[in-house]
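Summary of structural features
Okay, here's what each chain looks like letter by letter:
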Amino acid sequence: MPSAATPPTSESGAPSLRVGVLALQGDFAEHLAMLRRQGVEAVEVRTLDQLEACDGLIIPGGESTTIARLLAAFDLTEPLRDRIRAGLPTWGTCAGAILLADDVPGLDREPLGVMDMTVERNAFGRQVQSFEANLDIDGLDAPLRAVFIRAPVFTRLGRGVRALATLPDGRIVAAGQGHLLATSFHPELTEDDRLHGLFVALCREYASVSSQARAS
Ligand code: GLN
């Protein structure tokens, strides 16, 4: 019998992990399905209690202005910002990546501002608002088919932020900074779940570091 102090474990024997998806607007359902395929508990996040209970968070694509407005309406902007700054592994896709950045020209709300980078919204213009491309991504051994929908690009990365993928013209479409991941495309809209696998590994790493810190 595990003692009360033993964290719950999954069937594989690894400690079970709860990963949240911010579910205010956008395509959160697809992310939840992808996360479940990784064998983690995947939960919708709309309240502070749900946020507190997560070992990691995905902020999905959608409309960044709408998500920012709803975050404020649900009193989640500050707690979310604090939780991410305190080390919650967080992955923003498309609109979610826009919200992570600290510099977003033209956004009518303050972004979360937790990642030192500038993001240009709708960077591919009106004519080519959606397209797909095979992308080499740092950490994956073969290219990923990436779906771009009215996508942003990351035009400036601050110190400590690493480019993880670029288009052939050099534009940066994925970036990482410690426990943070930002992608301007939508990996949840394909069958390829390798990036979700990488993110879950990141969440697991941070969960084990913080449980060791609590134990010492
Ligand atoms: N263009 C949208 C925005 O600025 C993002 C699009 C998306 O998430 N697919 O918020």
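For clarity, every value in this text was computed on a predicted model and none was experimentally measured. (Residues numbered from 1 in each chain as written. Predicted model: local features only at pLDDT ≥ 70, side-chain atom pairs only at ≥ 80, totals over all residues.)

Within the protein, the regular secondary structure consists of 6 helices and 12 strands. At 17 Å, the protein has a C-alpha radius of gyration in line with the 17 Å of a compact globule built from 216 residues. Taken over the C-alpha atoms alone, the protein extends approximately 60 × 40 × 30 Å along its principal axes. Per-residue burial over the protein gives 39% buried out of 216 residues. The contacts of the protein with a sequence gap of at least 6 include a subset with a gap of at least 24, amounting to 64%. (Helix = DSSP H or I, 4+ residues; strand = E, 2+ residues; numbered from the N terminus. Rg over C-alpha atoms; globule rule 2.2 N^0.38 Å. Buried ≥ 20, exposed ≤ 12 C-beta atoms within 10 Å, placed from the backbone. Contact = placed C-beta atoms within 7 Å.)

Structurally, Arg109 is set in the loop between strand S5 (101-103) and strand S6 (115-120). On the neighbour-count criterion, Arg109 (15 C-beta atoms within 10 Å) is partly exposed. Considered as a pair, Arg109 and Leu99 are 10 residues apart in the sequence and their alpha carbons are 9.5 Å apart. Residues within four places of Arg109 in sequence aside, it is in contact with Thr65, Ala68 and Arg69.

This brings us to the site of the ligand. Every residue close to the ligand is listed here: Gly61, Gly62, Glu63, Ser64, Cys94, Ala95, Ile98, Arg121, Asn122, Ile149 and Arg150. Tallied by class, the residues present in the shell around the ligand amount to 4 nonpolar, 4 polar and 3 charged. (Near = placed C-beta within 6 Å. Nonpolar A, V, L, I, M, F, W, Y, C, P; charged D, E, K, R; others polar.)

This part is about the nonpolar core. Nonpolar side chains in soluble globular proteins generally cluster together in the buried interior. Ranked by size, the top nonpolar core spans 61 residues in total, and within it Leu100 and Ala182 carry the most contacts. Considering every element that reaches this core, the biggest residue donor is helix H6 (residues 194-215), with 6 residues. (Core = buried A, V, L, I, M, F, W, Y, C linked by C-beta atoms within 7 Å.)

What follows deals with helix H3 (residues 64-73). Residues Ser64, Ile67, Ala68 and Leu71 constitute the buried set of H3. For H3, the angular spread of the buried residues around the axis is 100°, confining them to a single face. Those residues of H3 that are buried are in contact with helix H4 (77-85) and helix H5 (95-100). Directly after H3, the chain includes Asp75, whose backbone phi takes a positive value near 55°. (Arc of directions from axis to C-beta.)

It is worth spelling out the pairing of S6 at this point. In the sheet, S5 pairs with S6 via 2 bridges, with the strands oriented parallel. Looking across to S6, one finds that Asp103 is bridged to Thr118. (Pairing = 2+ DSSP bridges.)

Let us now look at unusual backbone geometry. Residues other than glycine predominantly adopt negative phi, and peptide bonds predominantly adopt the trans conformation. Its identity is not glycine, yet Cys94 carries a phi of approximately 55°, on the positive side. Relative to the assigned elements, Cys94 resides in the loop between strand S4 (90-93) and H5. Cys94 gets classed as buried once you count the C-beta atoms within 10 Å, which come to 28. Of note, Arg150 is a non-glycine position whose phi angle comes to about 45°, a positive value. Position of Arg150 relative to the elements: it lies in the loop between strand S8 (144-149) and strand S9 (153-157).

With burial as the criterion, only one face of S8 is covered, namely that bearing Leu144, Ala146 and Phe148; the residues Arg145, Val147 and Ile149 on the opposite face remain uncovered. Here strand S7 (residues 130-135) pairs with S8 via 6 bridges, running antiparallel. Residue Glu132 lies in a different strand from S8, and its bridge partner there is Val147.

Along the chain, Ile172 turns up in strand S11 (residues 172-177). Not counting residues within four places of it along the chain, the set of residues in contact with Ile172 comprises Val153, Phe154, Leu157, Ala163 and Thr166.

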